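Listed below, chain by chain, are the residues.
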Amino acid sequence: MVAGNWKMNKTPAESRLFAGKLADEISDELLSQVDVVVCPSTSCIDAVTEVLRGTRIFTGAQNVFYEDFGAYTGETSGLMIKDLGCSHVIIGHSERRQVFGETNEEVNKKLHYVLGIDLIPIVCIGETLEERENGEMENVLERQIREGLRGISHKELDQIIIAYEPVWAIGTGVVATPEQADEAMGFVRGLIAELYGKDAAERCRILYGGSIKPGNFDELVSLENIDGGLVGGASLDESFVELVKIAAKHS
Ligand code: PEP
């Protein structure tokens with residue numbers, strides 16, 4: 001899988017144009033080998049799903065609130081993004097955690113909510129540089145998984161995509177080395193195996209995210225523990241098509 005997180009970039013008109021380019025350039029053959037998801041800003045979802053309707057490129061939201069309706073100024077519910085044509089939603093992105101103070105408990109509420117309305121969650125986890133340097137990486141990832149997935153059944157786990165995104169690699173140009181990514185993602189898969197069994201852990205899709213570019217993706221996606229990428233900066237231009245092609249080689 002290759003998922004693009006456009007963050008707060010592109011206007012509705014720009015999003016429409018770019019989604020059209022992706023639809024033209026990512027062939028059905030590629031889409032039969034790789035799941036491709038684009039996650040525009042909420043204000044652009046409508047424009048993007050309209051252009052992508054009838055293609056096999058999925059649209060996701062970057063965030064969601066865990067109630068259908070109500071007095072939650074500025075929030076958007078899962079029901080609303082689903083109605084706009086989203087099939088996926090990013091939950092617990094590090095920018096949500098760091099800039100907006102989102103906690104593991106909120107991630108867990110959102111996760112239960114979206115699974116209840118058949119949206120596919122891409123749950124982000126990852127340690128900061130400070131946590132890594134203090135030797136806390138495994139503790140942080142374990143807390144994010146245990147608390148984020150609390151109460152999630154075996155059946156529900158099969159619907160969940162996990163994205164390991166070390167915070168120090170997001171938007172910094174510093175990509176994790178294959179060894180660092182493999183070590184962290186092996187740990188995450190091992191923890192999933194402990195909680196849900198080996199088969200479930202093998203089935204679980206775990207993506208890497210953090211400064212992915214066409215020049216570094218091939219090596220990362222060839223690793224056994226990496227099932228694809230969640231891409232920020234390189235999802236905003238032609239590089240995204242290259243990344244899909246690279247992932248297809250490893251499918
Ligand atoms: C992201 O925002 O999820 C991300 C991985 O960003 P970038 O690829 O720009 O590091």
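Residues numbered from 1 in each chain as written. Predicted model: local features only at pLDDT ≥ 70, side-chain atom pairs only at ≥ 80, totals over all residues. Heavy atoms only, no water.

Engineer: How would you sum up the overall build of the protein? Please name residues and give values.
Structural biologist: Counting its secondary structure elements, the protein contains 13 helices and eight strands. Its C-alpha radius of gyration of 17 Å places the protein within 12% of the 18 Å reference for a compact globule of 251 residues. Seen through its principal axes, the protein has C-alpha atoms that stretch 45 × 45 × 35 Å. Buried positions account for 53% of the 251 residues belonging to the protein. Taking the contacts inside the protein whose residues are at least 6 apart along the sequence as the reference set, 72% of them involve residues at least 24 apart. Carbon and sulfur atoms make up 48% of the accessible area of the protein, which amounts to about 11400 Å² in all. Taken together, the 23 basic and 41 acidic charged side chains of the protein have centroids lying 3 Å from each other. (Helix = DSSP H or I, 4+ residues; strand = E, 2+ residues; numbered from the N terminus. Rg over C-alpha atoms; globule rule 2.2 N^0.38 Å. Buried < 20%, exposed > 50% of the residue type's maximum accessible area, 1.4 Å probe, protein only. Contact = heavy atoms within 4.5 Å. Areas by Shrake-Rupley, 256 points an atom, 1.4 Å probe, with all protein chains shown as cover. Lys, Arg positive; Asp, Glu negative; His and termini not counted. Charge placed at Lys NZ, Arg CZ, Asp CG, Glu CD.)

Engineer: Can you tell me about the sheet that holds strand E4 (residues 88-91), naming the residues and giving the values?
Structural biologist: Strand order in this closed barrel of eight strands is E1-E2-E3-E4-E5-E6-E7-E8, and the pairing throughout is parallel. Pairs of neighbouring strands in the sheet enclose a mean axial angle of 25 degrees, with direction left out of account. The sheet contact formed by strand E3 (residues 58-61) and E4 spans two bridges and is parallel. Bridge pairing in E4 places Gly60 opposite His88. Contacts between helix H3 (residues 45-52) and the sheet are confined to strand E2 (36-39) and E3, with E3 contributing the most and set at about 170 degrees to the helix. (Pairing = 2+ DSSP bridges. Axes fitted to C-alpha atoms, helices over the stretch in contact; angles between N-to-C directions.)

Engineer: Let's hear about the side chain of Arg97: which residues, and what values?
Structural biologist: Its location among the elements puts Arg97 in helix H5 (residues 94-100). Apart from residues no more than four positions distant in its own chain, Arg97 is found in contact with Gly92, Glu102, Asn104, Val107, Cys124, Ile125 and Gln144.

Engineer: Residue-level account of the site of the ligand, with values.
Structural biologist: What surrounds the ligand is a group of 14 residues, the closest being Lys7, Glu165, Gly171, Ser211 and Gly232. At 2.9 Å, a side-chain N or O of His93 approaches an oxygen atom of the ligand. Note that an oxygen atom of the ligand is positioned 2.7 Å from one of the backbone N or O atoms of Ser211. Look at the ligand: alone it shows 290 Å² of surface, and the protein chains cover 96% of it. Of the residues assigned to the shell around the ligand, the class counts are four nonpolar, eight polar and two charged. (Near = heavy atom within 4 Å. Polar contact = N/O pair within 3.5 Å; in protein donor to acceptor, adjacent residues only side chain to side chain. Nonpolar A, V, L, I, M, F, W, Y, C, P; charged D, E, K, R; others polar.)

Honestly, it's all geometry; don't read function into it.
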